[in-house]
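Each chain is listed here by its residues.
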Amino acid sequence: MKSPPNAPNNQAVRAPRAPVRIARDEASFARQEPRQERSRKRLEALVEAAAELFAAQSFPEVTMDAIAQRAGTPIGSVYQYFEDKRAVFAAVMARSNARAREAFEGVAHLARASIAGRARPALPLRAVLDAAVDGFAQLQETEPSIRAANRNLTFLGELVAEDEALQRELAARTAELFASYFPSANARTRRLVASTVVQLVTSFLIVSDRQDREGREQLEECKLLVRRYGEARLGS
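Residue numbering note: each chain is counted from 1, following its sequence as written. With pLDDT at 70 or above as the cut-off, local features in this predicted model cover only qualifying residues; side-chain atom pairs require 80 or more to be listed or tallied, and sums for whole chains, interfaces and linings still use all residues. Derived side-chain values reflect all non-hydrogen atoms in the structure, with water molecules and hydrogen atoms excluded from consideration.

*Asks:* Please explain the pattern of salt bridges as it appears in this structure.
*Replies:* A side chain with one charge can pair with a side chain of the opposite charge if their charged atoms come near. Think of a salt bridge as a Lys or Arg side-chain nitrogen and an Asp or Glu carboxyl oxygen that are within 4 Å of each other. The tally for this structure, following the rule as stated, stands at 15 salt bridges. The shortest N-O distance in the salt bridge between D134 and K223 comes to 3.1 Å. Remark: K223 occurs in helix α9 (residues 213–234) and D134 occurs in helix α5 (residues 125–142); sequence separation between them is 89 residues. Each residue is assigned to one of three classes by its accessible area relative to the maximum for its type, calculated with a 1.4 Å probe on protein chains only: buried under 20%, partly exposed between the two thresholds, exposed over 50%. Judged by its relative accessible area of 6%, K223 is buried. Residues E217 and R213 are paired through a salt bridge, measuring 3.3 Å at the closest nitrogen-oxygen approach. Within this pair, E217 and its partner R213 are both found in helix α9, separated by four residues, close to a single helical turn. Overall, E217 belongs to the partly exposed group, its relative accessible area being 43%. R213 gets classed as exposed once you look at its relative accessible area, which sits at 61%. Every helix listed is a DSSP run of H or I at least four residues long, and every strand listed is a run of E at least two residues long, numbered separately from the N terminus.

Here it is, written out as structure tokens:
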């Protein structure tokens, strides 16, 4: 099979073909969804290889050839699944968003278990917020797709709609969590505080991707800032 030429490396990322849709499945950006287990694993390996490259380099620096080489597969196999580099990055972005949702669900499960059947939550909100910040910090450290998305924010192009949709979703779910802890607080205030907390933590993790002592100290300061802001605006 003849391979199409690489897309120009300096183009901003655009979702392939159709207008942007809010996709939760990386396979939705492939030419066709794999139906066999072998094909699914091959697609996952391509997305993983691309995520590792985009996490270390900017969008213009990554090539389809490099993705194929990283995945240990012929270049024709990459084009079998993806139209171009923009489509590959869209799949990486979808994986990043899916991992973020999974991480948040872990925190939400912790909060629900603390609240269920009790007049007062067994776990204070500050502990839930700490767990959320720690969880997302660990996710950024261990998940290449998260780092890839953060590194290439300026190249998202039309995909910024998906990132914004994720931020709104996480903010709405955080507001629901706040409602369980502060039912008497003004609903609009809960939504505003939730949105601010999500944006603050997201921005912090993007600009402070450090694993040294100072990075850990900054993470503790971020947790303190989130706790004190939430308590000041909603109650202790």
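*Asks:* Got a minute to help me understand the environment of E141 in this structure?
*Replies:* In this fold, E141 is placed in helix α5. The spatial distance from the C-alpha of E141 to the C-alpha of R210 is 8.9 Å, given a sequence separation of 69 residues.

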